[in-house]
Amino acid sequence: MSAPEAQPERPGPPARKGGAAALGWILTIGLNVVAPIITYHQLRDHGWSEFGALLISSAWPVLDSAISLAWRRKIDEFAVVTLVFLVITAVVSLIGAHSARALLIKDSGVTGLFGLLCLATLLAPRPLMFYFGRKFATDGTPASTAWWNGLWQYEGFRRTMIVMTAVWGVVYLVEAGVRIALAFVVDTDTMVVVSPVMIYTVLGCLGVWTAMYGKRSQAEGERRAAEAAAAAEAGAGAGAGAGAA
């Protein structure tokens, strides 16, 4: 009987340009955290209402999305998700109660919807974190995209994407619930600072956990592949010895 075939090792990722990735993160933090906080307080100091200052401050994330689309020059799954939530935000702002608290609750609802979306995609052929991972693990070139898509054939990679998606979904549902509760007990001037800080603190913690979990899963996959290769080699050697006897 022939020895079992060892599963091939995952191919390594293609080279990426670190400068472009760093610039993208700087723009994201600047336009989604720093600029909205400064804009809100400047407008409040000049007599704007809480609702008006919050509404104008929300233009910065819209600008960030536009820059991302212009930079990549294409629409991918990540951009589609972003645009969907921008539409939800705009609709809720128009038809919802025009109060600062309502806007803060709406923002929390958006992250809660993201959590639900993560969990819903567990029923899809590929979970949401597969597409998010492809955006941040590749530079968008055909070669790097093909490399990422090819990893789906590995059982360990598929399990990793499913676990990541489930964790992100649950964490963002909890985060949204906490921010909604805080919107009723904390004054608006404080909450407008706390809310984005919470969003990106949770995002940062999830990012660190995702990187650590991904590396651990990759190391586990490589260990199993090495064990399978060793077992196959030993089996082949034993078969050859038996044949010679």
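Nothing here was measured: the structure is a model prediction, and the numbers come from that model.

(A) Local environment of the overall build of the protein. Along the protein, the regular secondary structure elements total nine helices and zero strands. Looking at the 245 residues of the protein, the share that counts as buried comes to 30%. Roughly 13800 Å² of accessible area belongs to the protein as shown, and the carbon and sulfur atoms make up 69% of that amount.

(B) Structural detail: the nonpolar core. If you look at the biggest cluster of nonpolar residues, it comprises 19 residues, and the most contacted ones within it are Phe 114, Met 129, Trp 148, Phe 157, Met 161 and Trp 168. Broken down by element, this core gets its largest block of residues, five residues, from helix H8 (residues 155-185). Among residues more than four places away in sequence, those in contact with Met 129 are Phe 114, Cys 118, Met 161, Met 164, Thr 165 and Trp 168. Phe 51, Leu 54, Leu 104 and Met 191 belong to the second-largest nonpolar core, a separate cluster that totals 11 residues.

(C) Structural detail: the packing of helix H5 (residues 100-120) against helix H6 (residues 128-137). With their axes 8 Å apart at the nearest point, H5 and H6 run at an angle of 105° to one another. Relative to H6, the element H5 is oriented roughly perpendicular. In this structure, H5 uses Phe 114, Leu 117 and Cys 118 to contact H6, whose residues at the interface are Leu 128, Met 129 and Phe 132. By residue class, the composition of the contact of H5 with H6 is six nonpolar, no polar and no charged.

(D) Looking closely at the pattern of salt bridges. Enumeration over the complete set of coordinates arrives at three salt bridges. Taking the shortest distance from any N to any O, the salt bridge between Arg 159 and Glu 155 comes out at 2.7 Å. In this pair, Arg 159 and Glu 155 both sit in helix H8, four residues apart, roughly one turn of the helix. Glu 175 is paired through a salt bridge with Arg 179; the nearest N and O atoms lie 2.5 Å apart.

(E) Local environment of the packing of aromatic side chains. According to the stated counting rule, one finds 11 aromatic pairs in the structure shown. Ring geometry for Trp 152 against Phe 157: centres 6.4 Å apart, planes inclined by 90°, an arrangement best described as edge-to-face. As far as burial versus exposure is concerned, Trp 152 and Phe 157 are alike and both buried. An aromatic cluster is built from Phe 130, Tyr 131, Trp 147, Trp 148, Trp 152 and Phe 157, whose rings are joined through pairwise contacts.

(F) Quick look at the environment of Ile 180. Note that Ile 180 resides in helix H8. The residues contacting Ile 180, other than those within four sequence positions of it, are Ile 105 and Ser 108.

The rules behind the values
- Residues numbered from 1 in each chain as written.
- Predicted model: local features only at pLDDT ≥ 70, side-chain atom pairs only at ≥ 80, totals over all residues.
- Heavy atoms only, no water.
- Helix = DSSP H or I, 4+ residues; strand = E, 2+ residues; numbered from the N terminus.
- Buried < 20%, exposed > 50% of the residue type's maximum accessible area, 1.4 Å probe, protein only.
- Areas by Shrake-Rupley, 256 points an atom, 1.4 Å probe, with all protein chains shown as cover.
- Core = buried A, V, L, I, M, F, W, Y, C linked by side-chain atoms within 4.5 Å.
- Contact = heavy atoms within 4.5 Å.
- Axes fitted to C-alpha atoms, helices over the stretch in contact; angles between N-to-C directions.
- Parallel < 35°, antiparallel > 145°, perpendicular 65-115°, else oblique.
- Nonpolar A, V, L, I, M, F, W, Y, C, P; charged D, E, K, R; others polar.
- Salt bridge = Lys/Arg side-chain N within 4 Å of Asp/Glu carboxyl O.
- Phe/Tyr/Trp six-rings, centres within 6.5 Å; stacked < 30°, edge-to-face > 60°.

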